[in-house]
Amino acid sequence: MLPRIGISTGDLAGIGPEIIYRTLQDPRVLRFCTPVVYGTAATLFDDFPHDKHHPPLSFRQVREAADITAGKVNAVTCWDEDFGLTPGQPTEASGRAARLSLIAAAEDLKAGLIDALVTAPISKENTQGEGFNFPGHTEFLAHHFSPNNDSLMFLVADDLRVATATGHIALKDVPARLTSEVLSGKLRMLLQSLRQDFGIDKPRVAVLGLNPHAGEKGLIGKEEQDLLMPVIQQFLNDGHLVYGPYPADGFFGTRQYGQFDATLALYHDQGLIPFKTIAFERGVNFTAGLPVIRTSPDHGTAYGLAGKFDADPTSFREALYLACDLVRNRKAEKEATAR
């Protein structure tokens, strides 16, 4: 059976409908998965400007994911009203549609009606409302699926993999949030994901320093000596290939990341700025540490591009294909463990 990949629409006033449309136009997608878009096809595409160079998509509209059909692009109805959307102009209605789509897809993922979820971009501000009071997708999904409300933001582009120990929090709060327990937990999630999701038996992981030049042996901050080095040493003592802390600028500037299977950055921009500089067009955001699979493109709603058919669908397409690969990898790992 092909993986059943749920797709939440994101903010309909952004480029979500376009990148979904352009990805699913390729008939080869149906060789790898059964796509299930959470939203009404009429709202998604009949009310949205069509690319004059391509025909409209053909959807099979269903009320419940239990009725989806392999070999077709399916759409699960999440609303019935006409939102009267204008590309590039987010409204309360477009934010509500994003919530309804995401919540419905998450419920079906939890129920096992789909095998993975790919999320199109939302506006974190515009999506807030009943059922969604979180800084972003990652936190919502951790709350929905993780008993301890924890997960790992993990950016992937081929062999470049960058995770972050902290997520959508203010920079001033990062040092207080970083504890031995938090850092150890994130490293365990990262190592487990590399084994389970990417099939790497003995992964090599680099940990970045918090301060400039990784603290210069305590001259520019002591977090490296007091926190990072003891945690890294404990993982080494336990037989894991975890190294660092490395100064972030030199680490990426000299492409040292190529020597490792993954890198753990300590805060959002420390990891995402170099990752997006290197791999913006094809990068994928993967929420690791959950019992379910969720991926997304590594960009936002791009309201300024909406409706112009200039948005690059590469990152979304890569997110869809990575979700397919992860479903198969987890199934293979589970079967190998059972033997």
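The chain is annotated in an unreviewed UniProt entry as 4-hydroxythreonine-4-phosphate dehydrogenase PdxA from Hymenobacter edaphi.

As for the side chain of Arg-99
Relative to the helices and strands, Arg-99 resides in helix α4 (residues 92–110). Look at Arg-99: it is buried, it has no salt bridge, and the nearest opposite charge is Glu-92 at 6.2 Å. There is a polar contact of 3.3 Å between the side chain of Arg-99 and the backbone oxygen of Thr-127. Sequence-distant contacts of Arg-99, defined by excluding residues within four places in its chain, comprise Asn-126, Thr-127, Gln-128, Gly-129, Glu-130 and Phe-132.

Regarding helix α12 (residues 314–338)
Helix length check: α12, at 25 residues, gives a terminal C-alpha distance of 36 Å against a target of 36 Å (1.5 Å per residue), a fit within 8%. Buried within α12 are the following residues: Thr-314, Ser-315, Phe-316, Ala-319, Leu-320, Leu-322, Ala-323, Cys-324, Leu-326, Val-327 and Arg-330.

Here we look at the nonpolar core
By size, the foremost hydrophobic cluster in this structure holds 59 residues, and its most contacted members are Ile-5, Leu-24, Phe-154, Leu-183, Leu-187, Leu-190 and Phe-198. When residues of this core are assigned to their parent elements, the largest contribution, eight residues, is made by α12. A domain-level breakdown of this core finds at least three residues from each of domain 1 (1–149 + 290–338) and domain 2 (152–284). Leaving out residues up to four positions away in the same chain, Leu-187 has contacts with Val-205, Val-207, Val-231, Phe-235, Val-242 and Leu-264. Residues Trp-79, Ala-106, Phe-145 and Val-292 belong to the second largest nonpolar core, which totals 27 residues.

So, the packing of helix α8 (residues 180–196) against helix α9 (residues 223–237)
Contact pair α8 / α9: the axes reach a minimum separation of 10 Å and the direction vectors enclose 40 degrees. Classified by the angle between their axes, α8 and α9 sit oblique to one another. Note that α8 runs across α9; the crossing there is right-handed. Residues Ser-180, Leu-183, Ser-184, Leu-187, Arg-188 and Leu-191 of α8 form the contact with α9, whose participating residues are Leu-227, Leu-228, Val-231 and Phe-235.

Thoughts on the environment of Tyr-38
Within the secondary structure, Tyr-38 sits in strand β2 (residues 34–38). Along the sequence, Tyr-38 and Ser-8 sit 30 residues apart, while their C-alpha atoms lie 5.3 Å from each other. Beyond its immediate stretch of four places on either side in the chain, Tyr-38 contacts Gly-6, Ile-7, Thr-9, Ala-65, Val-76, Cys-78, Trp-79, Ser-101, Ala-104, Ala-105, Asp-108 and Ile-114. A polar side-chain atom of Tyr-38 sits 2.7 Å from a polar atom in the side chain of Asp-108.

Thoughts on the environment of Glu-281
Looking at where Glu-281 falls in the secondary structure, it is placed in the loop between α11 (268–279) and β11 (284–288). According to the relative accessible area criterion, Glu-281 is partly exposed, its value standing at 49%. A C-alpha to C-alpha distance of 30 Å links Glu-281 and Gly-84, two positions 197 residues apart in sequence. Excluding residues that lie within four positions of it along the chain, Glu-281 makes contacts with Asp-312, Thr-314 and Ser-315.

Some thoughts on the pairing of strand β8 (residues 204–208)
β8 sits mainly inside the fold: four of its five residues count as buried. Two elements, β8 and strand β9 (residues 241–246), share four bridges in a ladder whose sense is parallel. Its bridge partner being in β9, Arg-204 is matched across the sheet by Leu-241. With respect to chirality, the unit in which β8 leads through α9 into the neighbouring parallel β9 is right-handed.

Reading guide: rules and limits
- Every chain is numbered on its own, with residues counted from 1 as its sequence reads.
- Only residues with pLDDT of at least 70 get local features here, since the model is predicted, and only at 80 or more are side-chain atom pairs given and counted; chain-wide, interface and lining totals rely on the full set of residues.
- Values reported for side chains reflect all heavy atoms of the structure, with hydrogen atoms and water molecules removed beforehand.
- Numbering goes from the N terminus for both helices and strands, where a helix is a DSSP run of H or I of at least four residues and a strand is a run of E of at least two.
- Partly exposed residues are those whose accessible area sits between 20% and 50% of the maximum for their type, while under 20% is buried and over 50% is exposed, using a 1.4 Å probe and protein chains only.
- Charge assignment: positive for Lys and Arg, negative for Asp and Glu; neither His nor the chain ends contribute.
- Salt bridge, as used here: a side-chain nitrogen of Lys or Arg that lies within 4 Å of a carboxyl oxygen of Asp or Glu.
- Any pair of N or O atoms that falls within 3.5 Å is considered a polar contact. Within protein, one atom must be able to donate a hydrogen and the other to accept it, and sequence-neighbouring residues count only if both atoms are side-chain atoms.
- By the convention used here, residues are in contact when the closest approach between their heavy atoms is within 4.5 Å.
- Multiplying 1.5 Å by the helix residue count minus one yields the expected span of that helix.
- Only buried residues count toward a nonpolar core. Its members are Ala, Val, Leu, Ile, Met, Phe, Trp, Tyr and Cys residues joined through side-chain atoms within 4.5 Å.
- Domains are outlined according to an automatic or database domain assignment.
- Throughout, an axis means a line fitted to C-alpha atoms (over the contacting stretch in the case of helices), and angles, computed between N-to-C directions, take values from 0 to 180 degrees.
- Geometric relationships in this document are graded by angle, where less than 35 degrees denotes roughly parallel, more than 145 denotes roughly antiparallel, 65 to 115 denotes roughly perpendicular, and other angles denote oblique.
- The crossing is said to be left-handed when, going from far helix to near helix, the turn is anticlockwise and less than a right angle, and right-handed when the turn is clockwise.
- DSSP bridges decide pairing: two strands pair if at least two such bridges lie between them.
- When the strands point away from the viewer and the connection leading from the first strand across the helix to the second strand turns clockwise, the crossover is called right-handed.

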